[in-house]
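Each chain, written out:
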Amino acid sequence: MGDNVFDFKGKRIQKAQSDKLYEYCAVCWAKTDIRKNTPVELRRCYVNGVGQLCPTCYLELYGKDSP
Ligand SMILES: [Zn+2]
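The paragraphs below set out a description of the structure included in this document. (Residues numbered from 1 in each chain as written. Predicted model: local features only at pLDDT ≥ 70, side-chain atom pairs only at ≥ 80, totals over all residues.)

Before going further, it helps to spend a moment on the pairing of strand E2 (residues 31–35). Residues of E2 alternate between two faces, with Thr32 and Ile34 buried on one and Lys31, Asp33 and Arg35 left unburied on the opposite face. The turn linking strand E1 (residues 22–24) back onto E2 is made up of six residues, and Trp29 within it adopts a positive phi angle of 65°. (Buried ≥ 20, exposed ≤ 12 C-beta atoms within 10 Å, placed from the backbone. Helix = DSSP H or I, 4+ residues; strand = E, 2+ residues; numbered from the N terminus. Pairing = 2+ DSSP bridges.)

Structurally, Val47 is set in strand E3 (residues 46–47). Residue Val47 is classed as partly exposed on the basis of its C-beta count, with 18 C-beta atoms lying within 10 Å. Residues Val47 and Tyr58, eleven residues apart in the sequence, show an inter-C-alpha distance of 8.7 Å.

The phi dihedral of Trp29 is positive, around 65°, even though this residue is not glycine. C-beta crowding within 10 Å serves as the criterion here: with 15 such atoms nearby, Trp29 is assigned to the partly exposed category. Here Cys45, not a glycine, exhibits a phi torsion of approximately 65°, which is positive. As for its position among the elements, Cys45 is in the loop between E2 and E3. Residue Cys45 is classed as buried on the basis of its 24 C-beta neighbours within 10 Å.

Here the focus is the environment of Pro55. Examined against the element boundaries, Pro55 turns out to sit in helix H2 (residues 55–62). Residue Pro55 is classed as partly exposed on the basis of its 15 C-beta neighbours within 10 Å. Pro55 sits eleven residues away from Ser66 along the chain, and the two C-alpha atoms are 7.1 Å apart. Residue contacts for Pro55: discarding those within four places in its chain leaves Cys45 and Ser66. (Contact = placed C-beta atoms within 7 Å.)

Geometric descriptors of this kind do not, in isolation, establish any biological role.
This is the structure we're talking about:
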């Protein structure tokens, strides 16, 4: 899965520059309500190695709501 992670990060950097305040979902690029300055351990729908997800993608990937 290493190559996929690099892809995600490349896209993430390009897209993220269009919004300075909020994170985008690493899968569908919907804008989330997670502020960039929120520590990752406090974020909902954050996945290590992938990044911030929106609640919809998190639910699709994991079959449950983010804690
Ligand atoms: Zn999404």
